[in-house]
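A structural walkthrough
What follows is each chain in one-letter form.
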Amino acid sequence: METRQLEYFVAVAEELSFTRAAQRVFAVQSTVSAAVRSLEAELGTRLFDRSTRRVALSAAGAAFLPEAKAAIEALERARATVQEASEGLRGSLRVGTLTSIGGVDLPALLGAFHRRYPLVDIHVTVSITGSTGLADEVRQGRLDVALVGLPETDLAGLDVLRVDTRPFVVVLPATHRLAARKAVRLADLAGEAFIDTPRGFGNRVLLDRAFDALGSPRRVTVEVADLRPVPGYVRAGLGVAVVPDTPAPADADVVVRPLAGAGLDWPLNLVTAAAKPPSRALRTLLDLVEKSI
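Residues numbered from 1 in each chain as written. Predicted model: local features only at pLDDT ≥ 70, side-chain atom pairs only at ≥ 80, totals over all residues. Heavy atoms only, no water.

With respect to unusual backbone geometry
With phi around 50°, Leu16 is a residue other than glycine that occupies positive phi space. Counting through the fold element by element, Leu16 comes out in the loop between helix H1 (3-15) and helix H2 (18-24). Owing to a relative accessible area of 40%, Leu16 belongs among the partly exposed residues under this scheme. A positive phi angle, close to 60°, is found at Phe26, a residue other than glycine. Checked against the element boundaries, Phe26 lands in the loop between H2 and helix H3 (29-43). (Helix = DSSP H or I, 4+ residues; strand = E, 2+ residues; numbered from the N terminus. Buried < 20%, exposed > 50% of the residue type's maximum accessible area, 1.4 Å probe, protein only.)

Structure (C-alpha cells):
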C-alpha cells in the first residue's frame, strides 16, 4: 500500500468526484482511477459505489477513510520530524480566515511566523461561506486552523482559543427615528430592513438567534460578505445594521450607536480539530498567537 494511493483515495472520498480529485492532487484522472482500483484490489473490497452519474463511498470506504487520513498524517509527522532534526521546523499550514476580522492582525502574525520559520509552507484562505463553513473545513481536515466568529457552543469537535471579543453596534442613517438616542435596543429595531452578512457568518448567526428569541425574526434585504461596505448601504437608505463594533464612518449621513440591553458580544476564536494532534508547525503558530493576545 503506497502513500500516493491513500492520498488519491482521500481526495476522491472528499470530492466525491474522480475529476475534481485529480485536479486537487495535480494528476490525470486515469492515474487516480488506477491507483484507487489497485488499492481496492489490495484490500479486497470496493471503496466506492460508482455509477455514470455519481460517486459515493461504500460502507467499507467510509470505514477506511479516517484510517487512511490517520496513516497519511502519521507519515507526514514522521517525515517532518526527520527533516526538522536536520534543517529546522518544516511542514505546511492551511489557515482559514474571515473577510473582515478587525482586532487581530493576522497578516502581521503570519508574517512574523514566516520570517522565523521560512521552511513552513503557509496557505491562507479567505472565507466566502462565513464562520460556519470555516469550522466545518477544520472538522473535515481541509484546514489546519481558522479564525471564526462563532460562540463555543457552535464549535463542537474543535479546540478553541479566544483571541478577541467585540460588542455589537447599531448603524443608522442620520435621519432615522432612533438616530438621536445614545443607545439602541434590539426591540427598537423590530420591523426594520437590515443589511447583514449571509447566513452562516458568525455575526449573522448570533443576531438571527437574538431576534428569534425576541419573537421578531428579521428581514435582511442586503447581504454582503464583507462588513466594510455596510455603512454605504445604510447611508443609501436600504436598511439598518447591527454589526461587530467598527470605526464610525466619517460621514455625517450615518451614525453608530451602542447596542443596549442585549448582552450580546461577537467572539473571535481560533479553532483547530480536537481529534487531531497539532503538528509542530501548528503548535508553534498557536504558541505565537497566545503570546500576542
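Observations concerning the packing of aromatic side chains
Scanning the entire structure with this criterion turns up 5 aromatic pairs. Between the aromatic rings of Phe18 and Phe48, the centroid separation amounts to 6.0 Å while the plane-to-plane angle is 65°, which identifies the pairing as edge-to-face. Pair noted here: Phe18 is in helix H2 and Phe48 is in strand E1 (residues 48-50), with a separation of 30 residues, a long-range link. Each member of the pair Phe18 and Phe48 is classed as buried. Aromatic side chains Phe194 and Phe211 sit 5.3 Å apart centroid to centroid with 70° between the ring planes, which places their arrangement in the edge-to-face category. Note that Phe194 is positioned in strand E8 (residues 193-196) and Phe211 in helix H7 (residues 202-213), a separation of 17 residues in sequence. Pair check on accessibility: Phe194 and Phe211 agree, each one buried. Looking at Arg218, its charged tip hangs above the ring of Phe194, at a distance of 4.9 Å from the centre. (Phe/Tyr/Trp six-rings, centres within 6.5 Å; stacked < 30°, edge-to-face > 60°. Lys NZ or Arg CZ within 6 Å of the ring centre and 35° of its normal.)

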